[in-house]
Amino acid sequence: MTGKQVIYQVFTRLYGNRSITRHMNGTIEENGCGKMDDFTPKVLNRWARMGITHVWYTGVIRHATRTDYSAYGIPKQHPAVVKGCAGSPYAIADYYDVDPDLATDVDHRMEEFEALLQRTHEAGLKVIIDFVPNHVARQYHSICKPANVSDLGEDDHVDRGFDPVDNNFYYCPGQAFVPCFDLYHGEATPYEEYPAKATGNDHFDNAPGRNDWYETVKLNYGVDYYAGGVLYDNPMPNTWKKMTDILLFWAAKGIDGFRCDMAEMVPAAFWSYATKAVKEQYPDIQFIGEVYNPSLYRSYISAGFDLLYDKVGMYDTMRAVITGQAATSAITSAWQQTDDIRQHMLYFLENHDEQRIASTFFAGEARRGVPAMMASMLMQQNPFMLYFGEEYGERGMDHEGFSGCDGRTTIFDYWSIDTLCRAASRKLTADEKLVYAQHEQTMQIARREKAISEGTFFDLMYVNPHLHRQYAFLRHIGHDLLLVVVNFEDHEVDVDVNLPKHAFDFLQVASGEYVATELWSKTKTNIDLQPDKAVRLQVGANGGVVMKMKVTVSENHKTMENIILNEHHKEEFPPAHTAEHLLNQTMMRIFGCERSFNAHIERKKSKMSFHLSHKPSRQEEKEIEQTMNRLIEEDLPVEFEFVDRNNLPEGVSPDRLPEDASETIRLVRIGDYDVCPCIGKHVRSTSQIGRFELLGTNWDEENKVFRVRFKVVQ
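Residues numbered from 1 in each chain as written. Predicted model: local features only at pLDDT ≥ 70, side-chain atom pairs only at ≥ 80, totals over all residues. Heavy atoms only, no water.

Q: Got a minute to help me understand the overall build of the protein in this structure?
A: Assigned secondary structure in the protein consists of 17 helices and 31 strands. In terms of overall size, the protein behaves like a compact globule, its C-alpha atoms giving a radius of gyration of 29 Å where 714 residues would be expected to give roughly 27 Å. For the protein, the spread of C-alpha atoms along the principal axes amounts to about 90 × 70 × 45 Å. Looking at the protein residue by residue over its 714 residues, the buried ones come to 58%. Sequence-distant contacts, at least 24 apart, represent 72% of the contacts inside the protein between residues at least 6 apart. Within the structure as shown, the protein displays about 29,200 Å² of accessible surface, and the carbon and sulfur contribution to it stands at 47%. (Helix = DSSP H or I, 4+ residues; strand = E, 2+ residues; numbered from the N terminus. Rg over C-alpha atoms; globule rule 2.2 N^0.38 Å. Buried < 20%, exposed > 50% of the residue type's maximum accessible area, 1.4 Å probe, protein only. Contact = heavy atoms within 4.5 Å. Areas by Shrake-Rupley, 256 points an atom, 1.4 Å probe, with all protein chains shown as cover.)

Below you can see the structure in the form of structure tokens.
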């Protein structure tokens, strides 16, 4: 599999349903249901040709539903604790079973899933399924678990609200389940639960409301929420072993990844245990986490997650740009927040939780989301996720039943998707065909162009402040240079895109006149690439251009290809490491001292020590912080050059070079402010550092040492 990873999320129950009955709150008999057999080799091969690499089959594992399958030995669910006729795919009723709605032959539903898995792999696609770790259906009971497995809750001490080891659920001892809604729901007898269990959204009393996840029960991973969230993981909670065994069960089927629902509601310590156990046996399997709190991103990546939703960063930013609530410069800020972990961030514009772009609740028209799709797909190496129907401009404006008319495609009702039905019968409108072509062409570029899947990304917005509704960047690898500009306006624009000298130096591209091929239209034109000069481009309404050029490698780069630098073991956080350079020069200028003799630069906080002649006053300490933030705001370029160690420029001392330093030295220049030998990682300009905060200082009078503690806030 080559090219960029593109995940196609498909709601399995809805995809192949071609019934156009669409009765509100309709049953499966009235409205029909898609099947696993609908994913034919023809469909799967078309997706592969389109540029899809992974298919996330949403809703495969059996969940609570109002459809009665008791004739097949499947326990019937009480309708009072099922949302919608079809039920939520995130209210799991049996982790070891396949949803019978999806089967042509219910008795052989697992075999049908295994056949789907095989067909998908034969098409060259990888398979992702949901793992729902935080909660289960209120009437969870496994009929398909292996013989040696005890069921969730089977051995619980129901007289205890919380037990750190033995209990799988949280209880309200001595209290019945009494929510504020009808517990009969048309049945002769009400739903009864004693003692009541906590809901999946952390409602720990016996009376959840309609807006709670009342149909689900919270799983206990050893976190005592009654005592403020204390984690007990020694001895290991029973739930850890049971849930890891479920992961191993599905991994043994040959799936390629798990999309882990509400992963951040489960402690990272569990994920460290589970992902390690699974990857020891299946090293190539992927874990994709639904984590919405940016402060937790790095903890969950450290716990074994390969990808995390970039929801509150890139998704929210793109939505604001599409709707005119933010300028395109906000896209730069969004990717900078996670630049150090960008390979782990999954970009998307739609999924089952979010409103459709074309809905009246979002952009109103699918074409307005196209430039965001183009930018998200092409701007970095990290993966992109496409939600089924998004490629046709599905509006999600149906009033399906439980879901209501909210701009989302229902996950609770039996329904069919209008655009997919018409696409199957080749009755798409001209606008829908255009949106599909734009998605397909963009994915083809992402798959075909190594500059996209493997190359360097260079954001051009810092030298193009006049662009408020356009976003411009470069992608580069070897002799291939791509200039990408997308336009969020509803009309065609002529734009001048400035190319800074730093881009030529950073990418090691020679200036000159090149023949450029626009990859969407295939038209050719001559482009004169010159440092600090503008390139004029015409960009269509709600569209973009990708100008591909075969460029000459600069002479400096040819020399660099033969340079061998010292091995570098430090894993710096580039913003803080660049701030270290600025602070060194600032201290030298204010106090006339030498550069720091002891520095520890970390993400959360850093410290540097200097030999000074006197203890700095409070006014001088304030001057340090003010100077640093002024320099950051000036957006000074961070540039590199290579020189012979015997020909260092004036002001750069060889005294601090290691004894085994290579003959060729890399110099890091920050504007005209500082130059220093360094082989570490840096940002591209000082504005990418963020805000500099002086956390505190210490003064050692005996040794005349001043220690500075600081952090950078992005």
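Q: Quick question: what am I supposed to make of the packing of helix 3 (residues 41-50) against helix 12 (residues 430-448) here?
A: Working note: a packed helix pair is described by the angle between its axes plus the distance between those axes. Between helix 3 and helix 12, the shortest axis-to-axis distance is 8 Å and the interhelical angle comes to 65°. In this view, helix 3 runs roughly perpendicular relative to helix 12, as classed from their interaxial angle. Two secondary-structure elements touch here, helix 3 through R46, A48, R49 and M50 and helix 12 through Y436, E440, M443, Q444 and R447. Its residues assigned to classes, the contact of helix 3 with helix 12 comprises 4 nonpolar, 1 polar and 4 charged. (Axes fitted to C-alpha atoms, helices over the stretch in contact; angles between N-to-C directions. Parallel < 35°, antiparallel > 145°, perpendicular 65-115°, else oblique. Nonpolar A, V, L, I, M, F, W, Y, C, P; charged D, E, K, R; others polar.)

Q: So what exactly am I meant to see when it comes to the packing of aromatic side chains here?
A: Given two aromatic rings, one states the distance between the centres and the angle between the planes to describe the pair. Per the stated rule, a full pass over the model turns up 43 aromatic pairs. Residues Y387 and F388 carry aromatic rings whose centres are separated by 5.0 Å and whose planes lie at 80° to one another, so their mutual orientation is edge-to-face. As far as burial versus exposure is concerned, Y387 and F388 are alike and both buried. The structure contains a cluster of three or more aromatic residues connected by ring pairs, namely Y95, F131, Y140, Y221, W240, F258, F270, W271, Y273, F287, Y300 and F305. Sitting above the plane of the Y214 ring, K83 keeps its charged end 4.9 Å from the centroid. The ring of F362 has R319 lying over it, and the distance from NZ or CZ to the ring centre is 4.1 Å. (Phe/Tyr/Trp six-rings, centres within 6.5 Å; stacked < 30°, edge-to-face > 60°. Lys NZ or Arg CZ within 6 Å of the ring centre and 35° of its normal.)

Q: Where do I start with the sheet that holds strand 2 (residues 54-58) in this structure?
A: Here we have 8 strands rolled up into a closed barrel, ordered 1-2-5-12-13-14-15-16, and parallel in their pairing. Neighbour-to-neighbour, the strand axes of the sheet open up by a mean angle of 30°, direction not taken into account. Sheet topology note: the strand 1 (residues 6-11)/strand 2 ladder contains 5 bridges and is parallel. The residue of strand 2 that forms the bridge with I7 is H54. (Pairing = 2+ DSSP bridges.)

Q: Looking at this structure, how should I read the nonpolar core?
A: Y95 and F258 are the most contacted members of the largest nonpolar core, which totals 157 residues. When neighbours within four sequence positions are excluded, F258 is seen to be in contact with I128, I129, F131, L247, W250, A251, I285, Q286, F287 and I288. Within the second largest apolar cluster, 30 residues are counted, among which are F573, M628, I632 and V668. (Core = buried A, V, L, I, M, F, W, Y, C linked by side-chain atoms within 4.5 Å.)

Q: What is the right way to read the packing of helix 16 (residues 574-591) against helix 17 (residues 618-633) from this model?
A: Interaxial distance between helix 16 and helix 17 falls to 10 Å at its minimum, and their mutual angle equals 130°. Here helix 17 runs oblique to helix 16, going by the angle between their axes. Considering only the axes of helix 16 and helix 17, their crossing is right-handed. Counting all contacts with helix 16, which are made through A579, L582, L583, T586, M587, I590 and F591, the residues of helix 17 involved are E620, E623, I624, T627, M628, L631 and I632. Here the residues of the contact of helix 16 with helix 17 sort into 10 nonpolar, 2 polar and 2 charged. (Left-handed = near helix turned anticlockwise from the far one by under 90°.)

Q: In this structure, what is going on with the pairing of strand 4 (residues 92-98)? I would like to understand it.
A: Sheet faces and side chains relate simply in a regular strand, where the side chains alternate between the two faces. Counting buried positions along strand 4 gives 7 out of 7 residues, so the element sits mostly inside the fold. Where strand 3 (residues 61-63) meets strand 4, 3 bridges bridge the pair, whose relative direction is antiparallel. From the neighbouring strand, H63 faces strand 4, where its bridge partner is I92.

Q: Sorry if this is basic, but what is going on with the pairing of strand 2 here?
A: Counted residue by residue, strand 2 has 5 buried out of 5 residues, so it is predominantly covered. Burial of strand 2 is two-sided: the residues H54, W56 and T58 facing one way and the residues V55 and Y57 facing the other way are all buried.

Q: Explanation requested: the sheet that holds strand 30 (residues 691-700) in the structure shown.
A: A sheet is described by the order of its strands in space; here 4 strands give the open sequence 25-26-31-30, paired in antiparallel fashion. Only two strands of the sheet have a single partner each, and these edge strands are strand 25 (598-600) and strand 30. In this sheet, neighbouring strand axes are inclined to one another by 20° on average, regardless of whether the strands run parallel or antiparallel. With 6 bridges connecting them, strand 26 (residues 606-611) and strand 31 (residues 705-713) associate as antiparallel partners. When the bridges of strand 31 are listed, H611 appears paired with V705. Each of strand 25, strand 26, strand 30 and strand 31 touches helix 16; the most contacted strand, strand 31, lies at about 140° to it. Taken strand by strand, helix 17 contacts strand 30 and strand 31, and its axis lies near 150° from that of strand 30.

Q: Please explain helix 6 (residues 268-281) as it appears in this structure.
A: An α-helical segment advances 3.6 residues per turn. Residues three or four places apart therefore align on the same side. The first and last C-alpha atoms of helix 6 sit 20 Å apart over 14 residues, in line with the 20 Å expected at 1.5 Å per residue. Of the positions making up helix 6, those classed as buried are F270, W271, A274, T275, A277 and V278. Each buried residue of helix 6 sits inside an arc of 160° when the element is viewed along its axis, so together they form one side. Among the exposed residues of helix 6, those pointing more than 90 degrees away from its buried face are K276 and E280. Looking at the buried positions of helix 6, the neighbouring elements they touch are strand 5 (126-131), helix 5 (238-251), strand 12 (257-260), strand 13 (286-289) and helix 7 (297-302). (Expected span 1.5 Å × (residues − 1). Arc of directions from axis to C-beta.)

Q: I tried to follow the pattern of salt bridges on my own but got confused; where do I start?
A: Note that side chains of opposite charge can pair when their charged atoms are close. This model, assessed by the stated rule, comprises 37 salt bridges. Linking D94 and R62 is a salt bridge whose minimum nitrogen-to-oxygen distance equals 3.3 Å. Highlighted residues: D94 in strand 4 and R62 in strand 3, separated in sequence by 32 residues. By relative accessible area, which is 3% here, R62 ends up buried. One salt-bridge network, held together by shared partners, links R22, D418, R422 and E432. (Salt bridge = Lys/Arg side-chain N within 4 Å of Asp/Glu carboxyl O.)

Q: Which parts of the structure should I look at to understand the environment of T697?
A: Mapped onto the elements of the fold, T697 is located in strand 30. A residue is classified by how much of its surface remains accessible, and T697, at 23% relative accessible area, is partly exposed. Distance from T697 to F348, taken between C-alpha atoms, is 43 Å for residues 349 residues apart in sequence. With near-sequence residues (within four places) excluded, T697 lies in contact with E621, F706, R707 and R709. Here E621 takes part through its side chain, which lies 2.8 Å from a polar atom of the side chain of T697. (Polar contact = N/O pair within 3.5 Å; in protein donor to acceptor, adjacent residues only side chain to side chain.)

Q: What is the right way to read the state of the cysteines from this model?
A: A full pass over the atoms with the stated rule returns 0 disulfides. Summary of cysteine pairing: C593 is not part of a disulfide, and the nearest cysteine sulfur, belonging to C676, is at 13 Å. Accessibility expressed as a relative area gives 11% for C593, which makes it buried. Here C676 stays unpaired: no disulfide links it, and the sulfur of C678, its closest cysteine neighbor, is 6.3 Å away. (Disulfide = S-S within 2.5 Å.)

Q: Please explain the environment of D532 as it appears in this structure.
A: In this structure, D532 sits in the loop between strand 22 (524-529) and strand 23 (533-539). Distance from D532 to A446, taken between C-alpha atoms, is 28 Å for residues 86 residues apart in sequence. Setting aside its immediate chain neighbours within four residues, D532 contacts L499, P500 and K501. Among the polar contacts made by the side chain of D532, one reaches the main-chain amide nitrogen of K501 at a distance of 3.1 Å.

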